[in-house]
Structure formats: structure tokens, C-alpha cells
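Report on the structure
These are the residues of each chain, in order.
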Amino acid sequence: MTKTAIITGANKGIGLAVAEKLIQNNYQVLLACRSTKKGLMAEKYLGPSSKFLELDLADPESINLFVEKINADYSNLDILYNNAGLIYRNFELTTEGYESMMAVNYFGSYRLSLMLLENLIRNSGRIVQISSLSMYLARKLVLDNIHYEKSFSPSSRYNLTNLYRSMFAVELENRLINLPVSVSVAHPGITKSRQSRPHEVKRIKKSFYTYFSTNIATGVAPIIKAIEDTDVQLNRVYAPKIFGFYGKPATMKHNKIVYNKELRESLWSYTAKELNLDL
Ligand SMILES: NC(=O)c1ccc[n+]([C@@H]2O[C@H](COP(=O)([O-])OP(=O)(O)OC[C@H]3O[C@@H](n4cnc5c(N)ncnc54)[C@H](OP(=O)(O)O)[C@@H]3O)[C@@H](O)[C@H]2O)c1
């Protein structure tokens, strides 16, 4: 039977490559993208098993409209893959006054997951959260002054959002343990996501990362495993087997901060209060 999956940020990169793979595996894929033009181009590229729906994770109104539409038209949701994310070089605030990288990479996943939970529970579905090797570079959980420019640096903020993503997903899976819904986390290593940009110039600016980043198939494989594994590995992250960079998918430990229940609960309370949204 065809399954239905939402992928956020599915118009290019890893999101688009995962969409292609899921369609091959007989899924209907809902492409949740902020740009109508790019979303429609991805829909055309992927064919009739895909459907573009507008979603800007930096805009709460857009999230509300998206969830309304999903619950009205797709009561049969099997997978929510929280993929969208970015590194902003400069400090920017959303209309709500949140630092933009935090808003998109983390608050967006939290909101969407909680708001679509009933739909997923009805279908014994799964939430799949993207994270990154960069979560291991975060040395502590920071919850103060997140939305102030003074505390912002692009790379350390990106590391922190990935630590948050992992902590959120592990806390969510623990909170939902007795319900018919599962949660998994995956990271792609460091992969050439530009290989999946059919509508953009693929010119690659050589950087430190381009020398050892992997073919995109290596990065996508653990995500597909996190989506399709019949027996989800709790409290672990799906990733390429060798040092989290190379090889077939395996599971490994998160940053050790993720296993600190008290810190996970602090992050949860902080987020629930900021967004006025809890289970
Ligand atoms: N590539 C890697 O090696 C790597 C490693 C670790 C983790 N990751 C994570 O994997 C995910 C995908 O990475 P990628 O390399 O494929 O990146 P990418 O090619 O830049 O794609 C990012 C996607 O997120 C979308 N997006 C950005 N802001 C959004 C918003 N406000 N609302 C909705 N969608 C939004 C983008 O849309 P637009 O096209 O409109 O900007 C794009 O579709 C990210 O979360 C990243 O943190 C990647």
C-alpha cells in the first residue's frame, strides 16, 4: 500500500534526494517548501507521486495553514521527515523575534511535530528528525540570550541547533513511548547535497569540506533507514557507519549531553514556553 510522507525543504539537496528515493519505494511525497516556484519545479521533476505544499518554517502563520491543509486533505500521514535547515551567516530575526537559524532548524521541527502528532498517531506513523555531526561540537546546552545578536556566531549556533534537534527527538521518543508512533534521528555525515539541485547551478566553491564530503547517496542512506527501519533504534542516531562519514548506514550514540534527562527536560520546558505549545 502507498504510504504518505511529508518532507520539509524538499526542493533541493538531501530533501529532494530523499523524496526521489521514497517515490521509488512507492511513497506519495508531500513537498513542504517555502518557495512556490522552487516547490513546483521539484514537483514537476519528481512526477505524479509528489505534491508541493507551501510551508515557511520561519513563519508561524504558514505553519498553521500547512497543518490545517494536511489534516483536512491527508488524514493518512505515515512519515514526517523534518529535513529543512540552514546556516545563516548573518544574525536575522523572524517576525516573531526569534533568531532565524534557531527558528527554522529547531523551533520549526518542534512545532510541526507536535501539531501533526494526532494525525501520525492515528496511522502508527513516524517522525524522522535530521541532525548533524556538528551536534558533537556543541559543548553545553545554552538557553540564555538565544535571540540576541551579541550571543550569535554562525557555526556555534548551527552546532547548537543540531544539539537541540537531537535532544528534542530523543525527549519526544521517550515521551511517546507508549503511543502508536515512533521517532528516529539521522545525520548524513558530510555529503555533497549540491549533487541534488536539478534547477540550480551546481558550481561548487571549493572549501575544506569539499575534499572529504561524500557522494550524496551515502548521506541519504541512513535517512532512508531511519524512515523505513521496522525496529527503530531508540536513543541512537542513524548515520554512515565509519566515523559517521563513510560506508553503509549504522546507528551510533548522540553527543553525551543528549542523554542527560534533566537537560533534555530543560530544553523541552524552555521550548514549550517560548512557543506556547506542549504535548
Ligand atoms: N549537507 C550536509 O552534509 C548536511 C550535514 C548534516 C546535516 N545536514 C542537514 O540536512 C538538512 C538538508 O541539508 P542540505 O545540505 O540538503 O541543505 P540545502 O540543500 O541547503 O537544502 C535546505 C532546504 O531547506 C529549505 N529551507 C530553508 N529555510 C526554510 C524555511 N524557512 N522553511 C522551509 N524550508 C526551508 C531550503 O529551501 P530554499 O531552497 O527555499 O532555501 C531547502 O529546500 C539541513 O537541515 C542540514 O542542517 C546537512
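The structure displayed is predicted, hence computed values, not measured ones.

Attention now goes to the overall build of the protein chain. Of the regular secondary structure elements, the protein chain holds eight helices and eight strands. A globule of 279 residues ought to have a C-alpha radius of gyration of about 19 Å, and the protein chain, at 17 Å, matches this closely. When its C-alpha atoms are laid out on the principal axes, the protein chain stretches across 45 × 45 × 40 Å. For the protein chain, contacts bridging at least 24 residues in sequence account for 68% of all contacts bridging at least 6.

Further remarks concern the sheet that holds strand β4 (residues 79-82). What the eight strands build is an open sheet, ordered β3-β2-β1-β4-β5-β6-β7-β8; its pairing is mixed. Each having just a single partner strand, β3 (50-54) and β8 (246-252) make up the two edges of the open sheet. Averaged over all adjacent pairs, the angle separating strand axes in this sheet is 25 degrees, with direction ignored. Two elements, strand β5 (residues 126-130) and strand β6 (residues 182-186), share five bridges in a ladder whose sense is parallel. Opposite Gln 129, over in β6, you have Val 185 as the bridge partner. Contacts from helix α7 (residues 216-228) reach β4, β5, β6, β7 (237-242) and β8 within the one sheet, and its direction differs from that of β7 by about 140 degrees.

What follows concerns the nonpolar core. Most often, soluble globular proteins keep nonpolar side chains buried together rather than apart. Counting residues in each nonpolar core, the largest one holds 71 residues, and the members touching the most others are Ile 7, Val 18 and Leu 31. In terms of residue count, helix α6 (residues 154-175) provides more of this core than any other element does, nine residues in total. The residues touching Ile 7, leaving out its near neighbours within four places in the chain, are Gly 15, Val 18, Ala 19, Val 29, Leu 31, Ala 32, Tyr 81 and Asn 83.

By the bridge criterion, five bridges tie β7 to β8 in an arrangement that is antiparallel. Residue pairing across strands places Tyr 238 opposite Thr 251, the latter belonging to β8. Adjacent in sequence and paired antiparallel, β7 and β8 are bridged by three residues, among which Phe 243 carries a positive phi angle near 55 degrees.

Around the ligand, 28 residues are found, and the nearest of them are Gly 9, Gly 13, Gly 85, Ser 132 and Ser 193. Looking at which element gives the most residues to the shell around the ligand, the answer is helix α1 (residues 13-24), with three residues. Residues of the shell around the ligand, tallied by class, amount to eleven nonpolar, 13 polar and four charged.

Examined against the element boundaries, Gln 28 turns out to sit in strand β2 (residues 27-33). Sequence separation between Gln 28 and Asp 78 is 50 residues; the distance between their C-alpha atoms is 10.0 Å. Among residues more than four places away in sequence, those in contact with Gln 28 are Thr 2, Thr 4 and Ser 49.

As judged from the two bridges shared by β6 and β7, these two strands associate in the parallel manner. The residue bridging Ala 186 from the neighbouring strand is Tyr 238, located in β7.

Turning to the environment of Asn 145, a few remarks are in order. Along the chain, the position of Asn 145 falls in the loop between β5 and α6. C-alpha separation for the pair Asn 145 and Arg 236, spaced 91 residues apart in sequence, amounts to 29 Å. Setting aside residues up to four positions removed in sequence, Asn 145 forms contacts with Lys 150 and Ser 151.

Turning to unusual backbone geometry, a few remarks are in order. What is expected of a backbone is that most residues other than glycine have negative phi and most peptide bonds are trans. Look at Ser 124: it is not a glycine, yet its phi comes out positive at around 50 degrees. Topologically, Ser 124 is positioned in the loop between α5 (117-122) and β5. One non-glycine residue, Asn 235, lies in positive phi territory at about 60 degrees. Inspection of the secondary structure puts Asn 235 in the loop between α7 and β7.

Before going further, it helps to spend a moment on the packing of helix α4 (residues 100-115) against α6. It is at 8 Å that the axes of α4 and α6 come closest, and there the two elements cross at 10 degrees. The orientation of α4 relative to α6 falls into the category roughly parallel. On α6, the residues that touch Met 101, Met 102, Asn 105, Tyr 106, Ser 109, Tyr 110 and Ser 113 of α4 are Arg 157, Tyr 158, Thr 161, Tyr 164, Arg 165, Phe 168 and Leu 172.

Orientation of α6 relative to helix α8 (residues 261-275), taken along the N-to-C sense of each, is 100 degrees, at an axis distance of 10 Å. Viewed along their axes, α6 and α8 adopt a mutual orientation that is roughly perpendicular. Residues Tyr 164, Met 167, Phe 168, Val 170 and Glu 171 of α6 pack against Arg 264, Leu 267 and Trp 268 of α8. In terms of residue class, the contact of α6 with α8 is made up of six nonpolar, no polar and two charged.

Rules used in this analysis
- Residues numbered from 1 in each chain as written.
- Predicted model: local features only at pLDDT ≥ 70, side-chain atom pairs only at ≥ 80, totals over all residues.
- Helix = DSSP H or I, 4+ residues; strand = E, 2+ residues; numbered from the N terminus.
- Rg over C-alpha atoms; globule rule 2.2 N^0.38 Å.
- Contact = placed C-beta atoms within 7 Å.
- Pairing = 2+ DSSP bridges.
- Axes fitted to C-alpha atoms, helices over the stretch in contact; angles between N-to-C directions.
- Core = buried A, V, L, I, M, F, W, Y, C linked by C-beta atoms within 7 Å.
- Buried ≥ 20, exposed ≤ 12 C-beta atoms within 10 Å, placed from the backbone.
- Near = placed C-beta within 6 Å.
- Nonpolar A, V, L, I, M, F, W, Y, C, P; charged D, E, K, R; others polar.
- Parallel < 35°, antiparallel > 145°, perpendicular 65-115°, else oblique.

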